[in-house]
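Structural description and commentary
Here is how the chains run, residue by residue.
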Amino acid sequence: MTITTGSTTQSTSDRRVTAFSPIPSPEALRTELPLTARRAEMVQRDREEIAAILAGQDDRMIVVVGPCSVHDPVAALDYARRLAPLAKEYADSLKIVMRVYFEKPRTTVGWKGLINDPGMDGSFDVERGLRTARSLLLDVIDLGLPVGCEFLEPTSPQYIADTVSWGAIGARTTESQVHRQLVSGLSMPVGFKNGTDGNIQVAIDGVKAAASEHVFFGVDDFGRGAVVHTAGNDECHVILRGGTPGPNYDAQSVADTAAKLEKAGLSPKVMVDCSHANSGKDHERQAEVAVEVAEAFAANRREGNGPVLSGVMLESFLVAGAQSLGGELVYGQSVTDKCMGWEASASVLDALARAAR
Ligand SMILES: O=C[C@H](O)[C@H](O)COP(=O)(O)O
Ligand SMILES: C=C(OP(=O)(O)O)C(=O)O
């Protein structure tokens, strides 16, 4: 049911709000699609392993890999079925986390992801989006894969965060107090991207702010407005994704970021996003960047410099490249940024595993 509003001439509020569409509470959705004790155990174990890598207690490399965005849950699960055996095969050297991104921050306007508009047709069936997203997350966990999500809407994590082992705050929201507060209450390790302009300090500030306690506006499990009190999240790190001036995945940028984190009293943990401005959004270049980063990772370990570079992020799907929305869609191809295809992704994972060993 949609409630139309802003209709009386006397009203000074909601003059530009055209409707409110109710959705189920987080508790109702979690009851309908329960995590279950077995899955909760897997999520907890995966979060601890990722945190241990970030803390330097486990010298594997975190690899967050998967589509830029999920638009077709069938293709995403198909992808997960291919990734799961590789995650097992490389488990001695890589901690593979599947990118299962449902919320897309746009530079201006565009499709905002499966939760916002699962039909990709402007029908904005958010209730269906939430249900589809949660259901897919449970299916991916059942394949033995940890899940990584970007958190964008401040209240959507209530519906899905119990399934998520690693989270990200994107380049467009890394400086936002609302997102930093949100992270301070999240139960998993979270990476803050540098800004789109290449500013790394905003990500370092994000890590610092999220480690602190906060009190802010939110919703409780029953969807009621509430004041949220958080304990702070000390398992956060920076993600270097390049920026307007160019890439920032080189050894010097990683070392400088680590030094700045240490100066700020934070753990010097850095992940490199091989996509976005580090590859000029070119999926073929992304594979080359990943191989360069793998070599730097191996050299860093050989020189005994400690595991500053803790992980990489890759945008990868079944079919290489990207397609526009509108016409008939190619199965397994991104509808947002260009992704590496499956074959290229598998060989990059192999290169990363060899480097990490
Ligand atoms: O990762 C995805 C995109 O880079 C991000 O959502 C911005 O996309 P846009 O510039 O196409 O809006
Ligand atoms: C939106 C993303 O990246 P960024 O915030 O770095 O642009 C993403 O990783 O999907």
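The structure we're discussing is the one just above.
What comes next is a walk through the structure. Predicted model only: the values in this text are computed from it and were never measured.

1. Quick word on the layout of surface pockets
Taken as a whole, the largest pocket encloses approximately 870 Å³ of empty space. As for the largest pocket, its lining consists of 32 residues, of which Ser21, Ile23, Asn116, Val126 and Glu153 are closest to the centre. Contributing elements (two or more residues each) for the lining of the largest pocket: strand 2 (19-20) and helix 4 (126-142). It is helix 4 that provides the largest number of residues to the lining of the largest pocket, a total of 3 residues. Among the residues forming the lining of the largest pocket, the class breakdown is 15 nonpolar, 9 polar and 8 charged. By volume, the second largest pocket amounts to about 410 Å³.

2. Looking at helix 9 (residues 283-302)
Compared with the 28 Å implied by 1.5 Å per residue over 20 residues, the 29 Å span of helix 9 between its first and last C-alpha is a close match. Of the positions making up helix 9, those classed as buried are His283, Gln286, Ala287, Val289, Ala290, Val293, Ala294, Phe297, Ala298, Ala299 and Asn300. Summarising the contacts, the buried residues of helix 9 are in contact with strand 3 (61-66), strand 11 (270-273), strand 12 (309-315), strand 13 (319-322) and helix 10 (342-356). If you check the start of helix 9, you find a side-chain oxygen 2.8 Å away from the backbone N of Glu284, and it comes from Asp282.

3. Side note on the site of ligand 1
Near ligand 1 the following residues occur: Cys68, Lys104, Pro105, Arg106, Thr107, Arg172, His276, Lys281 and Asp337. Side-chain polar atom of Arg106 to an oxygen atom of ligand 1: 2.9 Å apart, as the coordinates give it. In this structure, His276 approaches ligand 1 through a side-chain N or O atom, which is 2.9 Å from an oxygen atom. Protein burial of ligand 1: of its 340 Å² of free accessible surface, 84% is covered by the chains. Of the residues contributing to the shell around ligand 1, the split by class is 2 nonpolar, 2 polar and 5 charged.

4. Some points on the nonpolar core
Core analysis: the biggest nonpolar cluster contains 89 residues, and Val63, Phe102, Leu314, Leu349 and Leu352 have the highest contact counts within it. Setting aside chain neighbours within four positions, we find Val63 in contact with Leu94, Lys95, Ile96, Val97, Val312, Leu314, Leu349 and Leu352. Among the nonpolar cores identified, the runner-up in size contains 12 residues, and Ile50, Trp166, Met271 and Met313 belong to it.

5. What about the packing of helix 2 (residues 37-54) against helix 4?
Direction vectors running N to C along helix 2 and helix 4 enclose 75°, while the axes themselves pass 10 Å from each other. Taken together, helix 2 and helix 4 sit at an angle that is classed as roughly perpendicular. From helix 2, Arg38, Arg39, Met42 and Val43 reach across to helix 4, where they touch Leu138, Ile141 and Asp142. In the contact of helix 2 with helix 4, the residues fall into 4 nonpolar, no polar and 3 charged.

6. Side note on the side chain of Ser310
Relative to the assigned elements, Ser310 resides in strand 12. Assessed through its relative accessible area of 2%, Ser310 is described here as buried.

7. Comments concerning the packing of aromatic side chains
Inspection of every chain in the model, using the stated rule, returns 2 aromatic pairs. Considering the side-chain rings of Tyr79 and Phe317, the 6.2 Å spacing of their centres and the 65° angle between planes classify their relative orientation as edge-to-face. Separated by 238 residues along the polypeptide, Tyr79 in helix 3 (residues 73-89) and Phe317 in the loop between strand 12 and strand 13 bring together distant segments of the chain. For the pair Tyr79 and Phe317, one class covers both residues: buried. Aromatic pair Tyr79 and Trp342: ring centres 5.3 Å apart, planes at 90°, arrangement edge-to-face.

What counts, and at which threshold
Residue indices follow the written sequence of each chain, beginning from 1 at its first position. Think of it this way: whatever chain is written first is A, whatever ligand is written first is 1, and the rest follow in order. pLDDT decides what is reported in this predicted model: residues at 70 or higher carry local features, side-chain atom pairs at 80 or more are listed and counted, and totals for whole chains, interfaces and linings draw on all residues regardless. Computation of side-chain values: all heavy atoms of the structure, hydrogens and water removed. Grid points spaced at 1 Å over the protein atoms alone were grouped into cavities, where a 1.4 Å probe fits but cannot get out, and pockets, open sets with protein on both sides within 12 Å along at least five of seven lines, with lining residues defined by an atom within 4 Å of a point. Grid points are joined across faces, edges and corners, and a volume is the space filled by probe spheres set on the points. Think of it this way: any DSSP run of H or I at least four residues long counts as a helix, any run of E at least two long counts as a strand, and we number them from the N terminus. In this classification, the charged set is Asp, Glu, Lys and Arg, the nonpolar set is Ala, Val, Leu, Ile, Met, Phe, Trp, Tyr, Cys and Pro, and all remaining amino acids, among them Gly, are polar. Multiplying 1.5 Å by the helix residue count minus one yields the expected span of that helix. For each residue, the accessible area found with a 1.4 Å probe, counting protein chains only, is set against the maximum for its type, and the residue is called buried under 20%, exposed over 50%, and partly exposed in between. For this analysis, residues touch if any pair of their heavy atoms sits within 4.5 Å. Whenever a nitrogen or oxygen atom comes within 3.5 Å of another N or O atom, the pair is scored as a polar contact, on the condition that within protein one atom can donate a hydrogen and the other can accept it, and that pairs from neighbouring residues in sequence are kept only if both atoms are in side chains. Nearness here has a simple test: a residue counts as near a molecule or strand if at least one of its heavy atoms is within 4 Å of that partner. Note on areas: these come from Shrake-Rupley sampling with a 1.4 Å probe, and a residue is covered only by the protein chains present in the view. Within this scheme, the nonpolar core is defined by two criteria: the residues are buried Ala, Val, Leu, Ile, Met, Phe, Trp, Tyr or Cys, and they are joined through side-chain atoms within 4.5 Å. Here, axes are lines fitted to C-alpha atoms. For helices the fit covers the stretch in contact, and angles between N-to-C directions go from 0 to 180 degrees. Each angle gets one of four labels, with under 35 degrees taken as roughly parallel, over 145 as roughly antiparallel, 65 to 115 as roughly perpendicular, and the rest as oblique. Any two rings among Phe, Tyr and Trp, with Trp reduced to its six-membered ring, count as a pair given centres within 6.5 Å; such a pair is stacked if its planes are under 30 degrees apart, edge-to-face if over 60, and tilted if neither.

Keep in mind these numbers describe shape, not what the thing actually does.
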